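Listed here are the chains, written in short residue letters.
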Amino acid sequence: MPPSLESQQVPLQGEEDQSQSQIKSRVTVVGSGNWGSVAAKLIASNTLKLPSFHDEVRMWVFEETLPSGEKLTEVINKTNVNVKYLPGIKLGENVVADPDLEHAVRDATMLVFVTPHQFMEGICKRIVGKFREDAEAISLIKGMEVKMEGPCMISTLISEKLGINCCVLMGANIANEIAVEKFSEATVGYRENKDIAEKWARLFSTPYFMVTAVQDVEGVELCGTLKNVVALAAGFVDGLDMGNNTKAAIMRIGLREMKAFSKLLFSSVKDSTFFESCGVADLITTCLGGRNRKCAEAFARNGGKRSFDELEAEMLQGQKLQGVSTAREVYEVLSHRGWLELFPLFSTVHEICIGNLPPTAIVEYSEHTPKFSLVGGSTQFY
């Protein structure tokens, strides 16, 4: 690969160095799990090629001690591989693992957030005021916070806590497939600034990862969030060996509830968003091969007798399930607003997860309990 523009120039200290910093964007990835590591790999391949970016990509790593006694950040920087969360895949020599969150974000003009959603409020509190005022953010995080005043999307939490604009990126993105450069797509959701959205799209796009932008932050983000709940339902079906017809029905009903829930919360959500990669495509791939489906299958095969916490620890090597916590958060919204009977699939998934119903309830219908029915309910609403 020819040397980048940045590497051809020797920056001088002082004003010239500051001028270079103003021209070129610096990227920090906040998070280093499976998907975070793949995101860093995608970005790093492009910062070497695009003259408007500094070569180096910082990746904040929650420090861990490996069985060998070595620190995870030291191993990543020595081998260029995240041996715990993305073994066998080179991230790019310009990816620098940093265990110090404040240091990692300090000089960034583009912040990529990709951590489990339940950690984001704490992360925001730690870095508020610790980065450049002109920074832009993008969230790859699937999930939402439920507060007394109602649900709060992660992009909104980032914008409100940090005072910066935040786009989102979601799509049919099983990380291990993208890591080995199998073709995939994603969707960037933005509010008003299309130029920033297109800049994010350029930063992520490769010949094997195609990114498009749509003006619908909430629609894109809710698709990425809610599909994990539907994936749990699909996993229950797989664990009970109910077959492909049943699974297809679950996915169709799930998509219907995703759309209805999104549009009830945000009237601005566009119907067309559900036909982007973040919508139906992400739902399909997550229900066929994601971690939520995998753990839900094991949960059902054990008759609901082993907890999701136990299965997560055993099956995911430190990664976190998002579907179970999202199902709880969605249920809280439905319960608070009196919508439980409008969303029988979402309601039933949560009831199964907490042990109030057996996994078989996912397809059971009783006219005495229509709120748990996948057949009954207010279908005219949709």
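Just so it is clear, the model here is predicted, and its values are computed rather than measured.

What follows is about the packing of helix α3 (residues 34–47) against helix α9 (residues 194–204). Where α3 contacts α9, the two axes come as close as 7 Å, and the packing angle between them is 95°. In this view, α3 runs roughly perpendicular relative to α9, as classed from their interaxial angle. Contacts between α3 and α9 involve Ala39, Leu42, Ile43, Asn46 and Thr47 from the former and Arg202, Leu203 and Phe204 from the latter.

Moving on, we come to the nonpolar core. For soluble globular proteins, nonpolar side chains are generally found buried alongside one another. Phe236, Phe261, Phe308, Phe346, Val349 and Ile362 are the most contacted members of the largest nonpolar core, which totals 56 residues. Where this core is concerned, the elements lending two or more residues are β8 (166–170), α10 (217–239), α11 (244–265), α12 (277–289), α13 (291–301), α14 (308–315), α15 (323–337) and α16 (344–353). In terms of residue count, the dominant contributor to this core is α10 (13 residues).

Mean pLDDT over the protein chain works out to 89, with 89% of the residues at or above the 70 mark. Considering only residues more than four positions removed or in separate chains, one finds that residues 365–382, a stretch of pLDDT under 50, has 34 contacts.

Now for the pattern of salt bridges. Where charged atoms from two side chains of opposite charge come close, those side chains can pair. With the rule as written, the count across this model stands at 20 salt bridges. In this structure, glutamate 314 engages arginine 306 in a salt bridge whose closest nitrogen and oxygen atoms are separated by 2.4 Å. Across the pair glutamate 332 and arginine 328 runs a salt bridge whose closest N-O atoms are separated by 3.9 Å. Residue glutamate 332 and its partner arginine 328 are both found in helix α15; the two are separated by four residues, about one turn of the helix. It is possible to trace a salt-bridge network through shared partners that takes in Asp238, Asp241, Lys247, Arg293, Glu297 and Arg301.

Moving on to the sheet that holds strand β4 (residues 110–113). Taken in spatial order, the eight strands line up as β3-β2-β1-β4-β5-β8-β9-β10 in an open sheet, and their pairing is mixed. A single partner strand is all that each edge strand has here, and the edge strands are β3 (95–98) and β10 (209–214). Shown here is a sheet whose adjacent strand axes are inclined to one another by a mean of 25°, direction ignored. Strands in contact with helix α4 (residues 72–79) are β2 (53–60) and β3; relative to β3, the strand with the most contacts, it is inclined by about 165°.

Right, let's talk about the packing of α10 against α15 for a bit. Taken N-terminus to C-terminus, the directions of α10 and α15 make an angle of 105°; their axes are 8 Å apart at the nearest point. Here α10 lies roughly perpendicular to α15, going by the angle between them. On α15, the residues that touch Thr225, Leu226, Asn228, Val229 and Leu232 of α10 are Gly323, Val324, Thr326, Ala327 and Val330. Taken together, the residues that form the contact of α10 with α15 break down as six nonpolar, four polar and no charged.

Time to look at the pairing of strand β9 (residues 184–189). Among the six residues that make up β9, five are buried, leaving the element largely enclosed by the rest of the structure. When β9 meets β10, the two strands line up parallel, connected through six bridges. Bridging across to β10, threonine 187 finds its partner in threonine 212. Handedness of the β9-α9-β10 crossover: right-handed.

Let us now look at the packing of aromatic side chains. For the structure shown, the criterion picks out seven aromatic pairs. For the pair phenylalanine 261 and phenylalanine 343, a centre-to-centre distance of 5.8 Å together with 85° between the ring planes defines the contact as edge-to-face. On the criterion of sequence distance, the pair formed by phenylalanine 261 in helix α11 and phenylalanine 343 in the loop between α15 and α16 is long-range, its members being 82 residues apart. A relative accessible area of 0% means that phenylalanine 343 is categorised as buried. Following the ring pairs from residue to residue traces out a cluster consisting of Phe236, Phe299 and Phe308.

Cut-offs applied
- Residues numbered from 1 in each chain as written.
- Predicted model: local features only at pLDDT ≥ 70, side-chain atom pairs only at ≥ 80, totals over all residues.
- Heavy atoms only, no water.
- Axes fitted to C-alpha atoms, helices over the stretch in contact; angles between N-to-C directions.
- Helix = DSSP H or I, 4+ residues; strand = E, 2+ residues; numbered from the N terminus.
- Parallel < 35°, antiparallel > 145°, perpendicular 65-115°, else oblique.
- Contact = heavy atoms within 4.5 Å.
- Core = buried A, V, L, I, M, F, W, Y, C linked by side-chain atoms within 4.5 Å.
- Buried < 20%, exposed > 50% of the residue type's maximum accessible area, 1.4 Å probe, protein only.
- pLDDT = per-residue confidence, 0-100.
- Salt bridge = Lys/Arg side-chain N within 4 Å of Asp/Glu carboxyl O.
- Pairing = 2+ DSSP bridges.
- Nonpolar A, V, L, I, M, F, W, Y, C, P; charged D, E, K, R; others polar.
- Right-handed = clockwise from strand over helix to strand, strands pointing away.
- Phe/Tyr/Trp six-rings, centres within 6.5 Å; stacked < 30°, edge-to-face > 60°.

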